[in-house]
Amino acid sequence: MKTILILIMLITGALTCIAAEIPVIVPIENDGIQRIEITGSEYSFKPAHIVVKVNVPVEIKVHKTSFIVPHDFVINAPEAGISINESLSRDPKSFFFIPLKTGKYSIYCSKKLPFMHSHREKGMEAVLEVVE
Ligand SMILES: [Cu+2]
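Conventions and cut-offs
Residues numbered from 1 in each chain as written. Predicted model: local features only at pLDDT ≥ 70, side-chain atom pairs only at ≥ 80, totals over all residues. Helix = DSSP H or I, 4+ residues; strand = E, 2+ residues; numbered from the N terminus. Contact = placed C-beta atoms within 7 Å. Core = buried A, V, L, I, M, F, W, Y, C linked by C-beta atoms within 7 Å. Buried ≥ 20, exposed ≤ 12 C-beta atoms within 10 Å, placed from the backbone. Pairing = 2+ DSSP bridges. Axes fitted to C-alpha atoms, helices over the stretch in contact; angles between N-to-C directions.

**A short note on the overall build of the protein**
Here's step 1: For the protein, the count of helices and strands is one helix and 10 strands.
Here's step 2: Listing every helix and strand of the protein by position from the N terminus yields α-β-β-β-β-β-β-β-β-β-β.
Here's step 3: Intrachain contacts of the protein at a sequence separation of at least 6 include 62% that bridge at least 24 residues.

Structure representation (structure tokens):
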């Protein structure tokens with residue numbers, strides 16, 4: 001009985017992990033812009049994996065859920081024409097860019113308290129995937 005319970009817990013846990021990592025294909029709207037909203041909380045970005053088309057403009061609207069904990073939004077991919085480093089607020093902020101190179105790039109929060117793990121290390125990281 002115990003074994004079955006542990007098995008069920010393992011399977012449920014694995015499914016939750018898989019669900020969290022399902023890539024979201026960002027739709028291209030009528031005006032030709034790929035738009036997506038991302039939520040930053042303790043300690044994750046949701047969705048955690050977004051897929052956009054290369055050479056098509058992108059607008060990412062981001063807000064954080066916390067009142068006090070500071071978060072920011074960083075994409076450091078100058079090779080793909082993307083350099084964003086902005087603090088987040090509860091009001092959404094929009095970031096515009098045109099991804100110029102295919103590949104997988106990291107989205108993360110760079111906040112860190114002294115002697116503590118960074119928010120990125122705690123899981124506040126997502127993937128921006130640029131495809132043909
Ligand atoms: Cu953070």
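Back to the text.
**Structural notes on the nonpolar core**
Here's step 1: With 20 residues, the main nonpolar core has F45, V52, V62, I75, I107 and L128 as its most contacted residues.
Here's step 2: Counting residues per element, the ones that place at least two in this core are β4 (49–53), β5 (58–64), β6 (72–77), β9 (103–108) and β10 (125–131).
Here's step 3: Not counting chain neighbours up to four residues away, the residues in contact with F45 comprise I38, G40, I107, M124, E125 and A126.

**Looking at the environment of P78**
Here's step 1: With respect to the helices and strands, the residue P78 is situated in the loop between β6 and β7 (82–87).
Here's step 2: Residues P78 and L100 lie 22 residues apart in sequence; the distance between their C-alpha atoms is 9.4 Å.

**Brief notes about the sheet that holds β7**
Here's step 1: Judged by pairing direction, the sheet is mixed, and its six strands sit side by side in the order β1-β4-β10-β9-β6-β7 without closing on themselves. In this open sheet, the two strands that pair with only one neighbour each are β1 (24–25) and β7.
Here's step 2: As defined by bridge partners, β4 adjoins β10 across five bridges and the pair is classed as parallel. By the bridge assignment for β10, H49 is matched with V127.

**Digging into the sheet that holds strand β3 (residues 44–46)**
Here's step 1: Strands sit in the order β3-β2-β5-β8 across an open sheet of four strands; the sheet is mixed. Either end of the sheet is taken by a strand with one partner, and the two such strands are β3 and β8 (93–97). Direction aside, the axes of adjacent strands within the sheet are offset by 25° on average.
Here's step 2: Alignment of strand β2 (residues 34–41) against β3, held across three bridges, turns out to be antiparallel. Its bridge partner being in β3, T39 is matched across the sheet by K46.

**Topic: the environment of S118**
Here's step 1: Tracing the backbone shows S118 in the loop between β9 and β10.
Here's step 2: Placed 75 residues apart in sequence, S118 and Y43 show a C-alpha to C-alpha distance of 9.8 Å.
Here's step 3: Ignoring any residue separated from it by four or fewer positions in sequence, one finds S118 in contact with K111 and K112.

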